[in-house]
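Chain residues, written in single-letter form:
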Amino acid sequence: MRTTELVDSFRHSAPYVNAHRGKTFVIMLGGEAIAQRAFRSIINDIALLHSLGIRIVLVYGARPQIDEALVAQGLETSYYNNVRISDEPALKVIKQVAGALQFDITARLSMSLGNTPMQGAQINVVSGNFVIAQPLGVEDGIDFLHTGKVRRIDVDGINHQLNTNDIVLMGPIAASVTGESFNLTAEEVATQVAIKLKADKIIGFNADKGILDSNGEVIAELMPNEAHHHLKRLTDDPNSCVGTTAFLKASIDACRKGVARCHLVSHMDDGALLQELFSREGIGTQIVTQSAEKLRRATIADIGGVLDLIRPLEDKGILVRRSREQLEMEIEQFMLIERDSLVIGCAALYPFEQDNAGEFACLVVHPDYRDADRGSLLLANIINQARVRGYQRLFALTTRSIHWFLEHGFEIVDVDQLPQMKQQLYNYQRKSKVLALDL
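Here we summarise the structure given alongside this text. (Residues numbered from 1 in each chain as written. Predicted model: local features only at pLDDT ≥ 70, side-chain atom pairs only at ≥ 80, totals over all residues. Heavy atoms only, no water.)

Concerning the nonpolar core
Link 1 in the chain: With 41 residues, the main nonpolar core has Val26, Val57, Val59, Ile158, Met170 and Val193 as its most contacted residues.
Link 2 in the chain: At 7 residues, helix 7 (residues 186-197) tops the list of elements feeding residues into this core.
Link 3 in the chain: Setting aside residues no more than four positions away along its own chain, Ile158 makes contact with Val57, Phe130, Ile153, Val168, Met170, Val193 and Leu197.
Link 4 in the chain: Ranked by size, the runner-up nonpolar core spans 40 residues in total, among them Ile34, Ala90, Val97 and Val125. (Core = buried A, V, L, I, M, F, W, Y, C linked by side-chain atoms within 4.5 Å. Buried < 20%, exposed > 50% of the residue type's maximum accessible area, 1.4 Å probe, protein only. Helix = DSSP H or I, 4+ residues; strand = E, 2+ residues; numbered from the N terminus. Contact = heavy atoms within 4.5 Å.)

Put into structure tokens, the structure is as follows:
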């Protein structure tokens, strides 16, 4: 990486370092992720998050490890609704596997950070009876035996450990108030812990880069209702990963009960966790209660962001230069697209009330965000505003984006078609094309 790339990356990640500090993340490590060679790197990245002041609850699963151990013991377990039915012999094996993984993860976090970026870091990992279980019981005539569900979370106990800068580690085995042990799904433990702690995020891993659409492309963001549609699609697909389906189901439940964002990233890609959390684009799928992008009217506080966005185009002569003072007077005419506190798009509607018309002006989208047709979104909003105001025509002046306007229904017209006041301001040296859209 060149020095300038390193500096840019560090600067762009800084707002996220500040935003995440002091927040509570529940990280769910499925057994599939633990089995990967990249697991050591994931552990190192989790340690890095901890060093940045993030409060971490780490919940691990063991589905493939349990399957392997059961086969080695000559035991079989059946499933109902993708949940394992745990009898007495199976539970004994499950407890052994879960206990071994708990010690392995603790050791890696506590002792295995030499020759890594986190060498010398002191990390305390705490496990305990933070989860009280109860039997899942009988469903549709099927007795789940020693498979259980969460009954209660010791929120105060977990917060006490997090407040003393410990990482809290939880597995899929929990005891009941009667002293029995039950096998729980890691997804349910992570979800219930996140809900009760009012965590800021749940983070999970899968073999893909997140949730994929029908074309195999990563879906960057889903609202809970959209995620539910994909959950049904994955549930009906016999080739879909059980862990992915379980995490998606858990994320929908968590979002609907107050967890703002759930992230799913690849355990195959080195550094995927860090890229997802410390870059605006991310690398996986977010299930969110509110979109990371907002379309809103600009305020005086947005002057700096708008100037940063439009200055490069002004310097190239593509936009007419606006002074800060001029922008301060006109800022209420602007609509913005904001992503994680960064202005990534803007456009203005200037009124010409006497001519019953408006000017669509200063359309700019950040170079890194021009692949999702955000310009069309801004135009649609401005057209709607113009219609609400009763304007009969919307016009625009451009030197570079003629075809874009034509594709959106505008027609090239003569300068004398402009409102009289705008004609007087027309710069014949720039020779901007005049385009108009009848409303």
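Structure shown, so let's carry the discussion forward.
Quick look at empty space enclosed by the protein
Link 1 in the chain: This model, assessed by the stated rule, comprises 1 cavity of 30 Å³ or more.
Link 2 in the chain: If you add up the space inside the largest cavity, you get close to 60 Å³.
Link 3 in the chain: Looking at the largest cavity, the residues that line it are Ala38, Ser41, Ile42, Asp45, Phe205, Ser266, His267, Asp269, Asp270, Gly271, Ala272 and Leu273.
Link 4 in the chain: Breaking the lining of the largest cavity down by element, the ones donating at least two residues are helix 3 (39-51) and helix 10 (272-278).
Link 5 in the chain: Looking at the lining of the largest cavity, the element that brings in the most residues is helix 3, giving 3 residues.
Link 6 in the chain: Grouping the constituent residues of the lining of the largest cavity by class yields 5 nonpolar, 4 polar and 3 charged. (1 Å grid on protein atoms, 1.4 Å probe; cavity = no way out; pocket = protein on both sides within 12 Å on 5 of 7 lines; lining within 4 Å. Points joined across faces, edges and corners; volume = space filled by probe spheres on them. Nonpolar A, V, L, I, M, F, W, Y, C, P; charged D, E, K, R; others polar.)

A few points about the packing of aromatic side chains
Link 1 in the chain: Counting across every chain of the model gives 6 aromatic pairs.
Link 2 in the chain: Considering the side-chain rings of Trp404 and Phe405, the 5.1 Å spacing of their centres and the 90 degrees angle between planes classify their relative orientation as edge-to-face.
Link 3 in the chain: For the ring pair Phe405 and Phe410, a centre distance of 5.1 Å and an interplane angle of 80 degrees mean the geometry is edge-to-face.
Link 4 in the chain: Exposure remark for Phe410: the relative accessible area of 2% places this residue in the buried category.
Link 5 in the chain: Ring pairing ties together the aromatic residues Phe360, Trp404, Phe405 and Phe410, which thus form one cluster. (Phe/Tyr/Trp six-rings, centres within 6.5 Å; stacked < 30°, edge-to-face > 60°.)

Side note on helix 4 (residues 63-72)
Link 1 in the chain: Where helix 4 is concerned, the buried positions are Gln65, Ile66, Ala69 and Leu70. An end-on view of helix 4 places all buried positions within 130 degrees of arc, on one side of the element. For helix 4, exposure combined with an orientation more than 90 degrees from the buried face picks out Glu68, Val71 and Ala72.
Link 2 in the chain: The positive-phi residue at the C-terminal boundary of helix 4 is Gly74, with phi of around 75 degrees. (Arc of directions from axis to C-beta.)

Considering the pattern of salt bridges
Pairs may arise between side chains of opposite charge once their charged atoms sit close together.
Link 1 in the chain: As enumerated under the stated definition, the model contains 16 salt bridges in all.
Link 2 in the chain: Between Asp253 and Lys257 there is a salt bridge, with the nearest N and O atoms lying 3.3 Å from each other.
Link 3 in the chain: Residue Arg322 is joined to Glu330 by a salt bridge in which the shortest nitrogen-to-oxygen separation is 3.7 Å. Glu330 matches Arg322 in its accessibility class, with the two residues each being buried.
Link 4 in the chain: When salt bridges with common partners are traced through the structure, they connect Arg311, Glu314, Asp315 and Arg321 into a single cluster. (Salt bridge = Lys/Arg side-chain N within 4 Å of Asp/Glu carboxyl O.)

Describing unusual backbone geometry
For residues other than glycine, phi is negative in most cases, and the peptide bonds are mostly trans.
Link 1 in the chain: In the Ramachandran plot, Asn82 falls in the positive-phi region, its phi being about 65 degrees despite a non-glycine side chain.
Link 2 in the chain: On the secondary structure map, Asn82 appears in the loop between strand 3 (79-80) and strand 4 (83-84).
Link 3 in the chain: According to the relative accessible area criterion, Asn82 is exposed, its value standing at 55%.

Digging into the sheet that holds strand 2 (residues 55-60)
Link 1 in the chain: Spatially, 5-10-2-1-13-15-16-14 is the arrangement adopted by the 8 strands of the open sheet, whose pairing is mixed. At either margin of the open sheet sits one strand with a lone partner, and together these are strand 5 (125-126) and strand 14 (221-222).
Link 2 in the chain: Note: strand 13 (residues 201-206) against strand 15 (residues 261-266), 6 bridges, orientation parallel. Considered in strand 15, the bridge of Gly204 is made with Leu264.
Link 3 in the chain: Running at roughly 170 degrees to strand 1 (residues 24-29), helix 3 makes contact with strand 1, strand 2, strand 10 (167-170) and strand 13 of the sheet.
Link 4 in the chain: Running at roughly 175 degrees to strand 1, helix 7 makes contact with strand 1, strand 2, strand 10 and strand 13 of the sheet. (Pairing = 2+ DSSP bridges. Axes fitted to C-alpha atoms, helices over the stretch in contact; angles between N-to-C directions.)

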